[in-house]
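So the chains spell out like this:
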Amino acid sequence: MRTVDDLQALLDEACRWARESARTGKVADYIPELAKADPALVGIAVHTMDGRVAASGDSETPFTLQSVSKVFALAALMKVAGMKALAGMPCEPSGDAFHSIVRLEEERGHPRNPLINAGAILVSSRLPGISPEEKAANVSGLLSDILGADVQVDDRVYRSESATGYRNRALANYMRHFGLLDDPRAACDAYFRQCALRMDAPALARVGLFLANGGTDPLSQHAVLPPACARAVLALMTTCGLYDQVGEFALSVGLPAKSAVSGAILAVVPGRMSIATYGPALGLKGNSVAGMAMLEFMAGELGLSLFG
Ligand code: DON
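Conventions adopted
- Residues numbered from 1 in each chain as written.
- Predicted model: local features only at pLDDT ≥ 70, side-chain atom pairs only at ≥ 80, totals over all residues.
- Heavy atoms only, no water.
- Axes fitted to C-alpha atoms, helices over the stretch in contact; angles between N-to-C directions.
- Helix = DSSP H or I, 4+ residues; strand = E, 2+ residues; numbered from the N terminus.
- Left-handed = near helix turned anticlockwise from the far one by under 90°.
- Contact = heavy atoms within 4.5 Å.
- Nonpolar A, V, L, I, M, F, W, Y, C, P; charged D, E, K, R; others polar.
- Phe/Tyr/Trp six-rings, centres within 6.5 Å; stacked < 30°, edge-to-face > 60°.
- Buried < 20%, exposed > 50% of the residue type's maximum accessible area, 1.4 Å probe, protein only.
- Core = buried A, V, L, I, M, F, W, Y, C linked by side-chain atoms within 4.5 Å.

Student: Explain the packing of helix H6 (residues 155-164) against helix H8 (residues 184-195) to me, please; I cannot follow it from the model alone.
Tutor: Packed helices, taken two at a time, are described by the angle their axes make and the gap between the axes. At a minimum axis distance of 8 Å, the contact between H6 and H8 shows a crossing angle of 145 degrees. H6 and H8 meet at a crossing whose hand is right-handed. On H8, the residues that touch Tyr-158, Glu-161 and Ser-162 of H6 are Asp-189, Tyr-191, Phe-192, Arg-193 and Cys-195. When the residues that make up the contact of H6 with H8 are grouped by side-chain class, the tally is four nonpolar, one polar and three charged.

Student: Before we go on, may I ask you to explain the packing of aromatic side chains in this structure?
Tutor: Applying the stated criterion across every chain yields a total of six aromatic pairs. Ring geometry for Tyr-30 and Phe-98: centres 6.2 Å apart, planes at 40 degrees, overall tilted. Taken together, the positions of Tyr-30 in the loop between helix H1 (7-22) and strand S1 (43-48) and Phe-98 in the loop between helix H2 (69-81) and helix H3 (102-106) put the pair 68 residues apart, joining distant regions of the chain. Looking at Tyr-30, the relative accessible area reads 38%, which means it is partly exposed. Measuring from ring centre to ring centre gives 6.0 Å for Tyr-191 and Phe-192, while their planes differ by 55 degrees; the resulting arrangement is tilted.

Student: Could you clarify how one ought to interpret the nonpolar core in this entry?
Tutor: One broad rule of soluble globular proteins: the nonpolar side chains tend to lie buried together. Phe-72, Leu-143 and Leu-204 are the most contacted members of the largest nonpolar core, which totals 77 residues. Other than its neighbours up to four places away in sequence, Leu-204 contacts Phe-63, Leu-65, Val-68, Phe-72, Met-199, Ala-264, Ile-265, Leu-266 and Ala-276. Listed in part, the 33 residues of the second largest apolar core include Leu-255, Val-269, Ile-275 and Ala-290.

Take it as geometry only, folks, not as evidence of what the structure does.
Take a look at the structure:
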């Protein structure tokens, strides 16, 4: 078994190993602006609890958080509402694609969990604030506070999703029908803004570190979330973070993680580190192929799986 003393060499190897697999994926194109990403990009960054930082490959290429933002939106809502943030959500894996509508009909408009699109739109609608901008500012504010630098909305990606997001609006309208939210258009607008927050892999690994430490950022000692809420977020990432590929990911990697159609994945190793990967070429289930390959490599080399 390797150790974190080898961290840089390990990340370099992980990137080399994953570059081949990137060829087997395709960039997301249902949000037109995301289709412009270079499918060959592969990057990784790690932040350890004791302050080590390492990065490799195309780790400085910025990306939008897309579905990874769902984790931070939930954290922002938990900051004010605690576990009530999950009211009306059964918190079960859906077994469906991230944007599926099928269970909303079966379950009277209640999303299965806060990490699928319907659940995340509901979370965004519940964030403090009147306007969508104010609601999304809860998410950017949480991230900016940890990073000590402004996290900005990528305006092109935001406008591109806003111009084409009919499917998400359908989910929001469906939930409106069942009285779960008031204003489907505003809920989607807040959600599109949070999805378009932009950063690079080292920043993503940095902002995820509080989840590895029971909700308190280990570098600043700033309490982002109470321990029970941080535990709930990790449990949801473990069971719902990679949609209908979450079982395969549990077997091959065995870590709480959240993926995004931009090609980002945030993985958390409780008590040890947080890992961010980037590779916009996606597999059939909408998860980064290079990201999954790098995380499998890292988990194997360092023995990171939660399951021993
Ligand atoms: O709502 C959407 O479709 C995108 N803004 C985010 C989806 C996403 O990242 C799913 N991840 N694999």
